[in-house]
Structures are given as structure tokens and as C-alpha cells.
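# Structural overview
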Amino acid sequence: MIQLIRIIDDLPDGLPALLADAASEGVGNMALLAHDWAGGQRFNGDGEALLGALLAGELAGIGGLSVEPAAAEHARRVRRFYVRPAFRRQGVARTLASALLQEALDQVDLLTRNAAASPAAALFWEAQGFSPDTSGPWTHVLRRSAR
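An account of the accompanying structure is given in this report. (Residues numbered from 1 in each chain as written. Predicted model: local features only at pLDDT ≥ 70, side-chain atom pairs only at ≥ 80, totals over all residues. Heavy atoms only, no water.)

### A few points about the overall build of the chain
Scanning the chain from terminus to terminus reveals 4 helices and 7 strands. When the elements of the chain are put in sequence order from the N terminus, they spell out β-α-α-β-β-β-α-β-α-β-β. Expressed as lengths along the three principal axes of its C-alpha atoms, the size of the chain is roughly 40 × 30 × 30 Å. In the chain, 62% of the contacts between residues at least 6 apart in sequence involve partners at least 24 apart. Total accessible area on the chain is roughly 7,700 Å²; 52% of this is exposed by carbon and sulfur atoms. In the chain, which carries 14 positive and 16 negative side-chain charges, the distance between the mean positions of the two groups comes to 4 Å. (Helix = DSSP H or I, 4+ residues; strand = E, 2+ residues; numbered from the N terminus. Contact = heavy atoms within 4.5 Å. Areas by Shrake-Rupley, 256 points an atom, 1.4 Å probe, with all protein chains shown as cover. Lys, Arg positive; Asp, Glu negative; His and termini not counted. Charge placed at Lys NZ, Arg CZ, Asp CG, Glu CD.)

### Examining the side chain of Arg-77
Tracing the chain through its elements places Arg-77 in strand 4 (residues 75–83). In this structure the side chain of Arg-77 is engaged in a polar contact, spanning 2.9 Å, whose partner is the side chain of Glu-68. Residues within four places of Arg-77 in sequence aside, it is in contact with Gly-64, Leu-65, Ser-66, Val-67, Glu-68, Pro-69, Leu-111 and Thr-112. (Polar contact = N/O pair within 3.5 Å; in protein donor to acceptor, adjacent residues only side chain to side chain.)

### Remarks on the side chain of Asn-29
Position of Asn-29 relative to the elements: it lies in helix 2 (residues 29–38). Taking relative accessible area as the criterion, Asn-29 reaches 17% and is therefore assigned buried. Engagement of the side chain of Asn-29 in a polar contact is seen with the backbone oxygen of Phe-81, the distance being 3.3 Å. For Asn-29, the residues in contact, after removing those within four places along its chain, are Arg-80, Phe-81 and Tyr-82. (Buried < 20%, exposed > 50% of the residue type's maximum accessible area, 1.4 Å probe, protein only.)

### Remarks on the nonpolar core
Judged by nonpolar contacts, the single largest core of 25 residues is most densely connected at Val-78, Phe-81, Val-92, Leu-111 and Trp-125. Listing elements by their share of this core, those giving two or more residues are strand 2 (49–55), strand 3 (58–67), strand 4, helix 3 (92–105) and helix 4 (119–127). Ranked by the residues each element gives to this core, the list is headed by helix 3, at 7 residues. Residues in contact with Phe-81, not counting those within four places in the same chain, are Asn-29, Met-30, Ile-62, Gly-63, Ala-93, Leu-96, Ala-97, Leu-100, Arg-113, Phe-124 and Trp-125. Listed in part, the 13 residues of the second largest apolar core include Leu-15, Leu-18, Ala-22 and Met-30. (Core = buried A, V, L, I, M, F, W, Y, C linked by side-chain atoms within 4.5 Å.)

If you want it as C-alpha cells, here you go:
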């Protein structure tokens, strides 16, 4: 069973293994997360969140939600998203993304994501309901349907 945790004060145990996996794949966003966190940058602003996904007690993935400063309207950005290779194809990414999307779309109508890292990333986010969009510093957007 996948357990989601809200990361507030300290980065979770298991982060070194996640950092190593990301580095081995040439993914730099996790090293950036650790660097920014050490410098005091947290996901603790209004509308922000950082979630960790645990599977069998191990840190399987992480994902963040922040304010999207480049949008002309109130929006959120999914960022610092990564799932370790050993935990892929087990629903971790989908569970983590779903929680972030639900939290964001409870607050705003527009959610952005930069999925330029790989074709697989773009396909994943499109499967979550995002559409390609290059009108800002992002590759994909998700707009909440009218209520």
C-alpha cells in the first residue's frame, strides 16, 4: 500500500537513495530540491505542498506543488516530481500526482507542469489530464473544468 506523507520540516529518511537514483538517471531536479531545502526554501507558502510516497516503508517518490508565478491568473505548478526506478509501474507516480492535482485544483483553476525531461514524462502527464501548452515556461497545463 502506498502511503503519502506531507513533508514540512525535514526531508524524509530515504532521500539519499532517491537522490542517488535520480543522479544515476541524469535527473537533476532532486539534487536541486535538496540544495534549495538546505538553503531554507520550503514548500510552505500558501497553496504549496511537498509530498513523499512510501511503499513498504521506503521512500519511493516525491512531488511538490508551488505557486505558478508566470501565469496571468492564480495557478499552481507541479514540480520536483520523481519516482525511483524500482518503484515504477506500481501506482506510485499516479497516486502522488493525483494527490497533488486534487490539492491544487481545490484552490485554483490552472495547473502547470514542465514535462520536457523525457517523452515518457510528457505521456505520463497527458494521461493525468494535462494538455501540451507552451504559452509559458511550462510544457503542459491542466485546467479545472467549469463547476
